[in-house]
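The primary structure of each chain is shown beneath.
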Amino acid sequence: MKTLHVLSMIWKSGAEIYRDESDGRLSLKNAKLVPEEVLKAADPIFGEIEKWFKSWEEAKAIDKHIRMMVHQACGWQHNPKLNEWICADVDALMLFMEWQETLANNGWNDIYTDYRQFENEASNVMKKKLYESAVLYANQNK
């Protein structure tokens, strides 16, 4: 099973997987919410899950923002402030859809495949505009 598929099932169950700052290891908050079959699916690919988390540790805010947008759109993780912004800003919603279309044209056709390998100059311009729009909205709606 793909890494993002397993992670999405963990997130959708209401649990949270995160890096524990005290020891640097991945931890699972609310593990009892995760179905046993999901935990079993996660066990053999734990190294891949660890690698995915490490790949985001040095990411810029703009990249983390677009990841949150993808996770929100897929229903994996909910972010009420992001949801409020994207519902209030139709232009941003349309730009997000264009961003996804650009990635699809570059070969991204599976939500469980990390989209970053399909980004290009055009998608990065859109990603920057989305981030700037979100920051502007957040600053205006404090």
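First, a word on what this report is: a plain description of the structure on this page.

Examining the overall build of the protein
Each helix and strand counted, the protein has seven helices and two strands in total. Sequence-ordered secondary structure for the protein, helices as α and strands as β, is α-β-β-α-α-α-α-α-α. Here the C-alpha radius of gyration of the protein, 16 Å, is about what a compact globule of 142 residues would show, namely 14 Å. Considered along the principal axes of its C-alpha atoms, the protein spans approximately 40 × 35 × 25 Å. When burial is assessed residue by residue, the protein has 38% of its 142 residues classed as buried. Partitioning the contacts of the protein with sequence separation of at least 6, the portion at a separation of at least 24 is 56%.

Quick look at the nonpolar core
In terms of nonpolar packing, the biggest core is built from 37 residues, with Leu 7, Ile 49, Met 69, Trp 85, Trp 99, Tyr 115 and Leu 130 touching the most fellow members. If you list the elements that add at least two residues to this core, you get α1 (3-12), α2 (36-42), α3 (46-57), α4 (61-74), α5 (80-88), α6 (90-105) and α7 (121-140). Ignoring anything within four residues of it in the chain, the contact list for Leu 130 reads His 65, Ile 66, Met 69, Trp 85, Ala 92, Leu 95, Phe 96 and Trp 99.

A look at the pairing of strand β1 (residues 16-19)
Looking at chain direction, β1 and strand β2 (residues 26-29) are connected through four bridges and run antiparallel. Across the sheet, residue Tyr 18 finds its bridge partner in β2, namely Ser 27. The turn joining β1 and β2, which pair antiparallel and follow one another in sequence, is formed by six residues; a positive phi near 80° is taken by Gly 24.

A word on the packing of aromatic side chains
In this structure the tally under the stated criterion is ten aromatic pairs. Measuring from centroid to centroid gives 5.8 Å for Phe 96 and Trp 99, while their planes differ by 10°, and the two rings are stacked. Of this pair, Phe 96 and Trp 99 both sit in helix α6, three residues apart, which is roughly one turn of that helix. Under the relative-accessibility criterion, Phe 96 is labelled buried at 5%. Among the residues examined, Trp 99 registers a relative accessible area of 0% and is labelled buried. Chaining the aromatic ring pairs together yields one cluster made of Trp 11, Trp 52, Phe 53, Trp 56, Trp 76, Phe 96, Trp 99, Trp 108, Tyr 112 and Tyr 115.

So, how was this worked out
- Residues numbered from 1 in each chain as written.
- Predicted model: local features only at pLDDT ≥ 70, side-chain atom pairs only at ≥ 80, totals over all residues.
- Heavy atoms only, no water.
- Helix = DSSP H or I, 4+ residues; strand = E, 2+ residues; numbered from the N terminus.
- Rg over C-alpha atoms; globule rule 2.2 N^0.38 Å.
- Buried < 20%, exposed > 50% of the residue type's maximum accessible area, 1.4 Å probe, protein only.
- Contact = heavy atoms within 4.5 Å.
- Core = buried A, V, L, I, M, F, W, Y, C linked by side-chain atoms within 4.5 Å.
- Pairing = 2+ DSSP bridges.
- Phe/Tyr/Trp six-rings, centres within 6.5 Å; stacked < 30°, edge-to-face > 60°.

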